[in-house]
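Commentary on secondary and tertiary structure
Listed below, chain by chain, are the residues.
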Amino acid sequence: MARTIEAPARIERPVEDERRVPDRPWVVIVWNDPVNLMTYVTLVLQRLFGYSRAKAEKLMLQVHNEGKATVSDGTREKAEHDVARLHAAGLWATMQQD
């Protein structure tokens, strides 16, 4: 004889802290360094992210004057990819959750 499994009469809702929090976006930060020329940083930002010259120069100046600038955002995977590309181009970059 087959055994019958009964479904629970009531479905429990997750406790507040068990609910999945939507993934916050990740940001990629380029840091000032003593090695790369400002024109090179501008060129890298244009080529890697497709920024206009004006936007790339604005971000480069922010890196130069403030020590860092956020250059992209998105999912963790995208941020990891962007950081790897910036490292390959010789720039100092990190990522963090916004």
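Before reading further, recall that the structure is shown in the block above.
Here we summarise the structure given alongside this text. (Residues numbered from 1 in each chain as written. Predicted model: local features only at pLDDT ≥ 70, side-chain atom pairs only at ≥ 80, totals over all residues. Heavy atoms only, no water.)

1. Focus on the overall build of the protein chain
What counts is decided by this rule: The secondary structure listing takes helices from DSSP runs of H or I that are at least 4 residues long and strands from runs of E that are at least 2 residues long, numbered from the N terminus. Throughout this description, buried means an accessible area under 20% of the type-specific maximum (1.4 Å probe, protein chains only), exposed means over 50%, and partly exposed covers the range between. Any two residues having at least one pair of non-hydrogen atoms within 4.5 Å are treated as being in contact. Using a 1.4 Å probe, the Shrake-Rupley method yields the accessible areas, and only the shown protein chains count as cover for residues.
Along the protein chain, the regular secondary structure elements total three helices and three strands. Helices and strands in the protein chain line up, N terminus first, as β-α-α-β-α-β. When burial is assessed residue by residue, the protein chain has 28% of its 98 residues classed as buried. Across the protein chain, contacts joining residues at least 24 apart in sequence account for 69% of those joining residues at least 6 apart. Here the protein chain displays about 7,700 Å² of accessible surface, and carbon together with sulfur accounts for 54% of that area.

2. Observations concerning the sheet that holds strand β3 (residues 92–97)
As a reminder, the rule being used: Strands qualify as paired when DSSP identifies two bridges or more between them. Axes here refer to lines fitted to C-alpha atoms; in helices the fit is confined to the stretch in contact. Angles between the N-to-C directions go from 0 to 180 degrees.
One open sheet holds the three strands; their spatial order is β2-β1-β3, and the pairing between them is antiparallel. Each end of this open sheet is capped by a strand with a single partner; those strands are β2 (68–74) and β3. Each strand of the sheet is rotated relative to its neighbour by a mean of 25 degrees, with strand direction disregarded. As paired strands, strand β1 (residues 26–31) and β2 are joined by six bridges and run antiparallel to one another. Its bridge partner being in β2, W26 is matched across the sheet by G74. The sheet contacts of helix α3 (residues 76–88) involve β1, β2 and β3, and relative to β3 the element is tilted by about 170 degrees.

3. Section: the nonpolar core
Heads up, the condition is: Remark: nonpolar core denotes a set of buried residues (Ala, Val, Leu, Ile, Met, Phe, Trp, Tyr, Cys) joined through side-chain atoms within 4.5 Å.
Grouped together as the largest cluster of nonpolar side chains are 20 residues, with contacts concentrated most on V30, L45, V71 and L86. Among all residues touching L45, those that are not within four sequence positions of it are G50, Y51, A56, L59, M60 and V71.

4. Side note on the pattern of salt bridges
What counts is decided by this rule: A side-chain nitrogen of Lys or Arg and a carboxyl oxygen of Asp or Glu constitute a salt bridge if their distance falls within 4 Å.
A full pass over the atoms with the stated rule returns four salt bridges. Note that R76 and E80 form a salt bridge whose closest N and O atoms lie 3.1 Å from each other. Taken together, the residues span about one helical turn, with R76 and E80 both in helix α3 at a distance of four residues. By relative accessible area, R76 is classed as partly exposed at 41%. Note that D82 and R85 form a salt bridge whose closest N and O atoms lie 3.2 Å from each other. Here the residue D82 and the residue R85 both occupy positions in helix α3, the gap between them amounting to three residues, near one helical turn. Within the structure, one salt-bridge network assembled from shared partners comprises K78, D82 and R85.

5. Comments concerning the side chain of N36
Test applied: N or O atoms closer than or at 3.5 Å make up a polar contact, with two conditions inside protein: a donor-capable atom paired with an acceptor-capable one, and, for residues adjacent in sequence, both atoms drawn from side chains.
One can find N36 in the loop between β1 and α1 (38–49). At a separation of 2.9 Å, a polar atom in the side chain of N36 contacts the main-chain carbonyl oxygen of G90.

6. Notes on α1
Quick note on the threshold: Multiplying 1.5 Å by the helix residue count minus one yields the expected span of that helix. Read the arc as the range of directions from the helix axis to the C-beta atoms.
With 12 residues, α1 extends 16 Å from end C-alpha to end C-alpha; this agrees with the ideal 16 Å at 1.5 Å per step. Among all positions of α1, only V41, T42, V44, L45 and F49 are buried. All buried residues of α1 lie within an arc of 160 degrees about the axis, which places them on one face of the element. Summarising the geometry of α1, the exposed residues directed more than 90 degrees from the buried face are T39 and R47.

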